[in-house]
Amino acid sequence: MFAAPQAGPLGLGGNKSAAEVSESRLGAVVYSVKLEPIRNVFLYSGMTFKTSRGTAVHLSGHKASNCPDGGNSCSDKEKFFLVLTTQRGESYFIRGMEIVNYGIFMRGSKTVEIDGEEFTARVHASLSNPANSRIEITCGGRKALVATAQQLGDAVAKKGVDVKLSRGYKLAYGNELAQGGGSAGFTDKKLVLLMPFPVTEGVVSYFLLNSDEIRPSGVSYPEMDANYGFRIINGTLEIFELK
């Protein structure tokens, strides 16, 4: 979902399963969020450029649930994608590690065609401060969009729902991104995404929760937050205190 992600204990690929919650531990509901109205809203970050035909294209980020080879044995950085989403709902996926540029050691770019024009994406990495890494989208000789990873993370975070548990989070909901065979795309699986916010360490970590595991009877994720549980009832996510 966000710029320069790190693995959280619930990140897909080595993720922890949801733990059942006994009825005796069900406490007061502190948040109730209808999920469908916020599905994939984070893709429309407001950080945009336009094609010559006037089509607005939003820059966002997402984390795939698997590795480039379709398996799960890879580092988190191999799962991060920039996503370009048009106002028509078309999405183009650019794997981060393919477009990183750093000194003489790494050189990469990827070009996608939108409205018949070629847009090329590059990331100029700052290893000392990943939040300052610069993202560039160019078309021909012009720079269509330039932003830092921090700016992208902030723009996407604004699309999330504020949730205050044992710490603050931005909550989002969207389709799983999967990769393999040199391509990537959304699946029908839905994820609840929780990003600790505000960001204090210069990079962004977040938790991906499989919505299929969030049963109406209630589940918890102790490694994320031992004081709260989650349940989805008729399309509404309820977050409740644990007794």
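Before reading on, note that the structure itself is shown above.
Residues numbered from 1 in each chain as written. Predicted model: local features only at pLDDT ≥ 70, side-chain atom pairs only at ≥ 80, totals over all residues. Heavy atoms only, no water.

Asks: So what's going on with the overall build of the protein? Residues and values would help.
Replies: Regarding its fold elements, the protein presents one helix and 20 strands. Overall, the C-alpha framework of the protein stretches about 65 × 35 × 35 Å when taken along its three principal axes. Burial status across the protein gives 50% buried among its 243 residues. The contacts in the protein between residues at least 6 apart in sequence include a share of 50% that link residues at least 24 apart. Accessible surface, the protein: about 11000 Å² in total, of which carbon and sulfur atoms supply 46%. (Helix = DSSP H or I, 4+ residues; strand = E, 2+ residues; numbered from the N terminus. Buried < 20%, exposed > 50% of the residue type's maximum accessible area, 1.4 Å probe, protein only. Contact = heavy atoms within 4.5 Å. Areas by Shrake-Rupley, 256 points an atom, 1.4 Å probe, with all protein chains shown as cover.)

Asks: Describe helix 1 (residues 149–157), with residues and values.
Replies: Listed as buried for helix 1 are A149, L152, G153, A155, V156 and A157. On its buried face, helix 1 is in contact with strand 5 (56–63), strand 6 (80–86), strand 11 (134–139), strand 12 (142–148), strand 14 (168–180) and strand 15 (183–196).

Asks: Break down a nonpolar patch on the surface for me, with residues and values.
Replies: On the surface, a nonpolar cluster with roughly 510 Å² of combined accessible area is contributed by Y102, I104, F105 and L127. Considering the arrangement of structural elements, one finds I104 in the loop between strand 8 (100–101) and strand 9 (110–114). (Patch = residues over 30% accessible without salt bridge, like charges linked within 9 Å, V, L, I, M, F, W, Y side chains within 5 Å. Salt bridge = Lys/Arg side-chain N within 4 Å of Asp/Glu carboxyl O.)

Asks: Would you mind going over the sheet that holds strand 3 (residues 26–34) in detail, with residue names and values included?
Replies: Strand order in the open sheet formed by five strands is 2-18-19-20-3, with antiparallel pairing between adjacent strands. Both outer strands of the open sheet, strand 2 (19–20) and strand 3, are each paired with one neighbouring strand and no more. Bridge count between strand 2 and strand 18 (residues 219–221): two bridges; the pairing is antiparallel. The partner of A19 across the bridge, within strand 18, is S220. (Pairing = 2+ DSSP bridges.)

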